[in-house]
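Listed here are the chains, written in short residue letters.
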Amino acid sequence: FAVPTTTTAIYQFQTQSSTTPMATAAIEQVQTQPSTTDRFTTPMTIAATEQTEHQSSPSTGRFAAPMTTAEIEQLQTRYQCPLSATGHFDAPTTTTAIGEKTKAHIPNKKTQQSTRYGVSMWEDWAVNRNKASSQGQGSVQAGDKYVMVPVQLQSVSAEEMNFWLTRFIFEIRKQDGTPYPFKTLYLIVSALLRHFRNNLGRRDMNFLDRNDVRFVEFRKALDTRMKELAAQGVGVEVRRVDPLTEEDEELLWTSGTISTETATGLSYGVFYYNCKVFGLHSMDDHLRLQVDQYQFGRDNTGAYMEYTGSVCENVQG
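Residues numbered from 1 in each chain as written. Predicted model: local features only at pLDDT ≥ 70, side-chain atom pairs only at ≥ 80, totals over all residues. Heavy atoms only, no water.

A. Highlighting the overall build of the protein chain. From N to C terminus, the protein chain includes 12 helices and two strands. When the helices and strands of the protein chain are placed in sequence order, the string is α-α-α-α-α-α-α-α-α-α-α-α-β-β. The buried share of the protein chain, taken over its 317 residues, is 22%. A sequence separation of at least 24 residues applies to 45% of the contacts in the protein chain between residues at least 6 apart. On the protein chain, roughly 24300 Å² of surface is accessible, and the fraction owed to carbon and sulfur atoms is 54%. (Helix = DSSP H or I, 4+ residues; strand = E, 2+ residues; numbered from the N terminus. Buried < 20%, exposed > 50% of the residue type's maximum accessible area, 1.4 Å probe, protein only. Contact = heavy atoms within 4.5 Å. Areas by Shrake-Rupley, 256 points an atom, 1.4 Å probe, with all protein chains shown as cover.)

The following block contains the structure:
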C-alpha cells in the first residue's frame, strides 16, 4: 500500500492529468462504498462467513466438511449418545475410562505374588526389628538418625528408605536361618520397587537407578552383599558333567559308535580321545587343531603320541 493521500493531493493530481476534478463529497462517497476490486471483496459478517464456509467446503481427503455446533448437537440428541468412532479417530474417551484401562493393565499373577512376597518380607522384618529395638536389643548406635523402621511405606522419605534398605539386605534370612541367594535378594528389592510404583503410585523411589544419588549408600551395600554371598557359594550353581566310566567307554566300542573300521567311527574316536586324553573341551578347541600339534615317537615302553597345546589354550600337552 502507498502512503495515505489527502484531498488536496488528489485535487492537484486530477488537475495535472487534465481530468475533471472530483468534488470532495463525491470522493468521500466513493471511499465509503464497499470495495469490490480484484484484490478485495465486500466485507462479510461472522455469521455469513460460517454459513458460506459450511455450504462451500466439500469433504476432501481425510476429513469431512466442517459441522456447525447446532448440527453436532442435533446428531447427539437424535442418537442420544456421543458420536461413535469414524474414520481416522476413535470415539471420545472419558477420564473414568482411561483410569479403568490403566488399572486393567496389571502384572501377571506370578509378578503380583513376587511383589506381595517382597512387601511381606519387609513388613515382617520391620516389625521384628522394631520389637527388638523397643526391648533394647537393636543395633541402634549413637548418631543414627532413625530408630524405628516404617512398616508401611506410603510416606517414607528417600533418605529414610536409603538408611533402612542398607540394613534390610544384610539382615533378612530364610525360615531356616540360611541367607538368601544373591539373585533372590535382588528380586526382593525389585519387588519393593514395584510396590512403590504400582501399589503406592510413587515413582520417586527408584533406588536401583544408578543416577539417583540419594540411594548411593544402599546400592553400594547391595553390591557388597551380593558379592559376599557369591563368594560363599550361596546360590551359585556348579555345572558339572560326570565323566564316562570304563563301562560307558566299552559300550561306545561294542556298539560301533567308536570304530577303526568306518570313517564316522574313526572320527568319533578321535573326538572322544582328544577330550579324554588331551583335555579339549569346547568346539573351538577342536576346530583350531593343527597336524603339527601331534608328534609320534617310541621309547623303552613302546610307541607313544605327544600332543602340544596351542598358546591360547589353558591345557598343556
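B. Representation of the environment of N162 within the structure. By the element assignment, N162 lies in helix α7 (residues 158-171). Distance in space between the C-alpha atoms of N162 and R219 is 8.9 Å, their sequence separation being 57 residues. When neighbours within four sequence positions are excluded, N162 is seen to be in contact with R214, F215, V216, E217 and F218.

C. Structural view of the confidence of the model for the protein chain. Per-residue pLDDT for the protein chain has a mean of 77; in total, 69% of the residues score no lower than 70. α7 holds the highest mean pLDDT among the elements of the protein chain, 94, whereas helix α1 (residues 7-16) holds the lowest, 54. In the predicted structure, residues 311-317 sits below a pLDDT of 50 and forms 11 contacts with residues beyond four places in sequence or in another chain. (pLDDT = per-residue confidence, 0-100.)

D. Layout of the nonpolar core. Within the largest apolar cluster, 32 residues are counted, with the highest numbers of intra-cluster contacts made by W122, M161, F168 and F207. Contributions of two or more residues to this core are made by α6 (109-134), α7, α8 (182-199) and α9 (216-231). If we skip the residues at most four places from it in the chain, M161 touches W122, L153, V156, F196, M205 and F215. (Core = buried A, V, L, I, M, F, W, Y, C linked by side-chain atoms within 4.5 Å.)

E. Layout of α7. Taking 1.5 Å of rise per residue, the 14 residues of α7 would be expected to cover 20 Å, and the 20 Å separating its terminal C-alpha atoms lies within 8% of that figure. Buried within α7 are the following residues: A158, E160, M161, N162, F163, W164, L165, T166, F168 and I169. (Expected span 1.5 Å × (residues − 1).)

F. A look at the pattern of salt bridges. Considering all chains together, one arrives at seven salt bridges under this definition. For R129, the salt bridge goes to E171, with nearest N and O atoms at 3.1 Å. Of this pair, R129 sits in helix α6 while E171 is found in helix α7, placing the two residues 42 residues apart along the sequence. For E171, a relative accessible area of 32% corresponds to the partly exposed category. With a closest N to O distance of 3.1 Å, R202 and D204 form a salt bridge. Under the relative-accessibility criterion, D204 is labelled partly exposed at 35%. (Salt bridge = Lys/Arg side-chain N within 4 Å of Asp/Glu carboxyl O.)

G. View of α8. When the terminal C-alpha atoms of α8 are compared, their 25 Å separation across 18 residues agrees well with the 26 Å that a helix rising 1.5 Å per residue should span. The set of residues buried in α8 consists of F182, L185, I188, V189, S190, A191, L192, L193, H195 and F196. Residues of α8 that are buried sit in contact with α6, α7 and α9. Of the residues one or two after α8, G201 is the one with positive phi, at around 65°.

H. Geometry of the packing of α7 against α8. For the pair α7 and α8, interaxial distance at closest approach is 11 Å and the crossing angle is 150°. The angle between the axes of α7 and α8 places the two elements in the roughly antiparallel class. Like other packed secondary-structure pairs, α7 and α8 cross with a definite hand, here right-handed. Judged by residue contacts, M161, L165, F168 and I169 of α7 engage L185, I188, V189, L192 and F196 from α8. Its residues assigned to classes, the contact of α7 with α8 shows nine nonpolar, no polar and no charged. (Axes fitted to C-alpha atoms, helices over the stretch in contact; angles between N-to-C directions. Parallel < 35°, antiparallel > 145°, perpendicular 65-115°, else oblique. Left-handed = near helix turned anticlockwise from the far one by under 90°. Nonpolar A, V, L, I, M, F, W, Y, C, P; charged D, E, K, R; others polar.)

I. Local environment of the pairing of strand β2 (residues 302-307). Sheet analysis places strand β1 (residues 294-299) next to β2, joined by six bridges and oriented antiparallel. Bridge pairing in β2 links D299 to G302. (Pairing = 2+ DSSP bridges.)

J. Focus on the environment of V277. Within the element layout of this structure, V277 appears in helix α11 (residues 263-278). The exposure class of V277 is exposed, given its relative accessible area of 54%. Sequence separation of V277 and Y307 is 30 residues, and the distance between their C-alpha atoms is 9.4 Å.

K. A nonpolar patch on the surface, seen in detail. On the surface, F271, M283 and L287 cluster together to form a nonpolar patch covering roughly 340 Å² of accessible area. The class for M283 is exposed, based on a relative accessible area of 53%. (Patch = residues over 30% accessible without salt bridge, like charges linked within 9 Å, V, L, I, M, F, W, Y side chains within 5 Å.)

L. Inspection of the side chain of T166 at higher detail. When you line up the elements, T166 lands in helix α7. Relative accessible area serves as the criterion here: at 10%, T166 is assigned to the buried category. Within the local environment of T166, its side chain forms a polar contact with the backbone oxygen of N162, the two atoms lying 2.7 Å apart. Discounting residues that sit within four places of it in the chain, T166 has contacts with E217, F218 and A221. (Polar contact = N/O pair within 3.5 Å; in protein donor to acceptor, adjacent residues only side chain to side chain.)

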